[in-house]
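A closer look at the structure
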Protein chains: 2
Amino acid sequence: MAQQPGPRADPRPPWTRQRVLRAAIDLADQDGIESLSMRKLSQLLGGAPMSLYNHIANKDDLLDGMIDAVFSEIELPSGEDGWKTAMRQRAISIRTILSRHRWAIGLMNSRTSPGPATLRYHNAVIGSLRDAGFPVQLAAYGIAALDSYIYGFALQEQALPFPTPAQTSQLAQAMLEQIPTDQYPHFAELTIEDVLQPGDDHGAYEFGLDLLLDGLEQSLHKQTTH
Amino acid sequence: MAQQPGPRADPRPPWTRQRVLRAAIDLADQDGIESLSMRKLSQLLGGAPMSLYNHIANKDDLLDGMIDAVFSEIELPSGEDGWKTAMRQRAISIRTILSRHRWAIGLMNSRTSPGPATLRYHNAVIGSLRDAGFPVQLAAYGIAALDSYIYGFALQEQALPFPTPAQTSQLAQAMLEQIPTDQYPHFAELTIEDVLQPGDDHGAYEFGLDLLLDGLEQSLHKQTTH
DNA sequence: ACCTGAACACCGTTCAAGT
DNA sequence: ACCTGAACACCGTTCAAGT
């Protein structure tokens, strides 16, 4: 009986790269990327810091793996409902995922050795536009514009120190009270009339997104009718 | 004579907050934000780590000061040539400045105690749109869209590990050789036909920027003619 | 093949002591 | 008022030693 402890009995399952990555992502999700240290991670897994190096090369490799895991969470564009729908779904999917993995935003585009999920994803995104008739150059520009917007918006959302709109409003209120509002009337007005209003600003995201998508559609028509 | 050493003679001028911030920015510009440590900074200034704390409260305060200094470098919108020109100049100005201060990109929107230069800047940007007839809500959405694009584009440029297009092409070439290109044909095609071509892609930045500005102009007309 | 303790060269910051 | 050495609680990683 002691030889067959069953899957739940062992408090310390053997480490794998998968398990290490999962624990690292959970830690970063909960406590922020600045709390992710090799020492804390090993402690969370119930072992010594150096044991990690049997499954990952170093911290950089750890980050590469974490980012590839995040890319694997993004829904691939289906290609059935047209490029515009595909790009809108992509934008919304990334926003949702990055709200769970706020630490990932600055890293999604800065890893120089992309994993398989990252490559599959990028290939599908480009393919969605190319199949819809986008010339290579316009596809490149279009994706750069959309990605800039998507990651930039996420960057600004991540900058909010609290996840809920109510808490954010409260902080904005406190910030505003420390500022000489008569010197910055426009700033004060916009903060009061917009930032202090609750609501998760789904509107703001789609507003800019649609400006880009509609503009891209016009660019596509111009290029193809010439 | 020894009492009057002249400005160049003293190798260790007294530290001031100004001088500390300047040295910190220079260090971050040259070696990256991860190299900016209190210890290295104090060494650069020719003193002990703890001496820094006579001029700044802690590292967070140091970052606050650095970011406010970066905001002070951005040209304020003049307001004479219309909001569209003002916003385009703002976008180009930020891109130029963030190429010098790549470490700043992720921090511009995440500091919760904005300094005077930051407040003056934001107030001027909002004012530029409000004076042109933008309702508060549309100004807020418009700035959010533009800022997302501006910072997101900078984030992607910063992600490039080398500052010059030639070096970047070379790295992309090396990356591409390690990838099974037949599995990712769209990715390979775009990399070869776009990324590997030299040129600093001024075009890509203005392309997305104009999509947003033209779209914003249409939104403004719609709102004001109703 | 996988794990690990000790050690090294780093961090930011507190505290107490100097001038 | 400004500076600083020692100390504390942290880092990532190398190396040598275990099973």
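Parameters and conventions
- Residues numbered from 1 in each chain as written.
- Chains lettered and ligands numbered in written order.
- Predicted model: local features only at pLDDT ≥ 70, side-chain atom pairs only at ≥ 80, totals over all residues.
- Heavy atoms only, no water.
- Near = heavy atom within 4 Å.
- Polar contact = N/O pair within 3.5 Å; in protein donor to acceptor, adjacent residues only side chain to side chain.
- Helix = DSSP H or I, 4+ residues; strand = E, 2+ residues; numbered from the N terminus.
- Nonpolar A, V, L, I, M, F, W, Y, C, P; charged D, E, K, R; others polar.
- Contact = heavy atoms within 4.5 Å.
- Buried area = accessible area lost by both parts, 1.4 Å probe.
- Salt bridge = Lys/Arg side-chain N within 4 Å of Asp/Glu carboxyl O.
- Buried < 20%, exposed > 50% of the residue type's maximum accessible area, 1.4 Å probe, protein only.
- Domains from an automatic or database assignment.
- Core = buried A, V, L, I, M, F, W, Y, C linked by side-chain atoms within 4.5 Å.
- Axes fitted to C-alpha atoms, helices over the stretch in contact; angles between N-to-C directions.
- Parallel < 35°, antiparallel > 145°, perpendicular 65-115°, else oblique.
- Phe/Tyr/Trp six-rings, centres within 6.5 Å; stacked < 30°, edge-to-face > 60°.
- Least-squares fit on C-alpha atoms with pLDDT ≥ 70 in both.

**Re the protein's contact with DNA strand D**
Contacts to DNA strand D come from 17 residues, most closely from Arg39(A), Met50(A), Tyr53(A), Ser51(B) and His55(B). The sugar-phosphate share of atoms of DNA strand D within 4 Å of the protein amounts to 52%. Within the backbone of Ala48(B), a nitrogen or oxygen atom sits 3.3 Å from a phosphate oxygen of DNA strand D. Between His55(B) and DNA strand D, the recorded distance is 3.2 Å, taken from a side-chain N or O atom to a phosphate oxygen. Considering every element that reaches the surface near DNA strand D, the biggest residue donor is helix α2 (residues 38-45) of chain A, with 3 residues. When grouped by side-chain class, the residues that make up the surface near DNA strand D number 6 nonpolar, 6 polar and 5 charged.

**Overview of the interface of chain B and chain A**
Facing the 56 residues of chain B at the interface are 56 residues of chain A. Approximately 4700 Å² of surface area, both sides summed, lies buried where chain B meets chain A, with 71% of it carried by carbon and sulfur atoms. Sorting the residues of chain B by area buried against chain A places Tyr141(B), His186(B) and Phe207(B) first, and these three jointly supply 13% of that buried surface. Across the chain B-chain A interface, the total number found is 2 salt bridges. Counting across the chain B and chain A interface gives 12 residue pairs in polar contact (both at pLDDT 80 or more). At 18 residues, helix α6 (residues 136-159) of chain B tops the list of elements feeding residues into the side of chain B that touches chain A. Taken together, the residues of the side of chain B that touches chain A break down into 30 nonpolar, 18 polar and 8 charged.

**Overview of helix α8 (residues 185-195) of chain A**
Buried within α8(A) are the following residues: Phe187(A), Ala188(A), Leu190(A), Thr191(A) and Asp194(A). If you follow the buried residues of α8(A), they end up packed against α7 (165-177) of chain A together with α5 (116-131) and α6 of chain B.

**Things to note about the domain arrangement of chain A**
It is common to give the size of an interface as the accessible area lost on bringing the parts into contact. Its domain assignment divides chain A into domain 1 (17-56) and domain 2 (70-159 + 196-224). A C-alpha centroid distance of 29 Å is found between domain 1 of chain A and domain 2 of chain A.

**Description of the protein's contact with DNA strand C**
Around DNA strand C, the structure places 18 residues, and the nearest of them are Ser51(A), His55(A), Arg39(B), Met50(B) and Tyr53(B). One nitrogen or oxygen atom from the main chain of Met38(B) is found 2.8 Å from a phosphate oxygen belonging to DNA strand C. Separating a base nitrogen of DNA strand C from a side-chain N or O atom of Arg39(B) is a distance of 2.3 Å. In terms of residue class, the surface near DNA strand C is made up of 7 nonpolar, 6 polar and 5 charged.

**Quick notes on the nonpolar core**
Judged by nonpolar contacts, the single largest core of 137 residues is most densely connected at Leu41(A), Leu62(A), Met66(A), Leu41(B), Leu62(B) and Met66(B). If sequence neighbours within four positions are ignored, Met66(A) has contacts with Leu21(A), Ala24(A), Ile25(A), Ala28(A), Leu36(A) and Trp103(A).

**A look at the packing of helix α1 (residues 17-31) of chain B against helix α3 (residues 59-73) of chain B**
Residues and elements named next belong to chain B. Two numbers describe how α1 lies on α3: the axes approach to 10 Å, and their chain directions differ by 80 degrees. With respect to α3, the axis of α1 lies roughly perpendicular. Seen from α1, the contacting residues are Arg17, Val20, Leu21, Ala24, Ile25 and Ala28; seen from α3, they are Asp61, Leu62, Gly65, Met66 and Ala69. Across the contact of α1 with α3, the residue classes break down as 8 nonpolar, 1 polar and 2 charged.

**Points about the packing of aromatic side chains**
To describe a pair of aromatic rings, one takes the distance between the centres and the angle between the planes. What the rule picks out here adds up to 12 aromatic pairs over all chains. Each ring, one from Tyr149(B) and one from Phe153(B), has its centre 5.9 Å from the other, and the planes form 45 degrees; the classification is tilted. You can see Tyr149(B) and its partner Phe153(B) sitting in helix α6, 4 residues apart, about one turn around the helix. Residue classification places Tyr149(B) among the buried positions, given a relative accessible area of 0%. Residue classification places Phe153(B) among the buried positions, given a relative accessible area of 7%. Chaining the aromatic ring pairs together yields one cluster made of Tyr149(A), Phe153(A) and Tyr205(A).

**Quick look at the relation of the copies chain B and chain A**
Superposing chain B onto chain A takes a rotation of 180 degrees plus a shift of 0.0 Å along the axis, which leaves an RMSD of 0.0 Å. Taken together, the turn and the small shift mark the pair as related by a two-fold rotation axis. When each C-alpha of chain B is compared by its distance to the rotation axis, Gly152(B) comes out closest, at 1.8 Å. An overlap of 100% is found between the interface residues of chain B and their copies at the interface of chain A, pointing to a shared contact surface.

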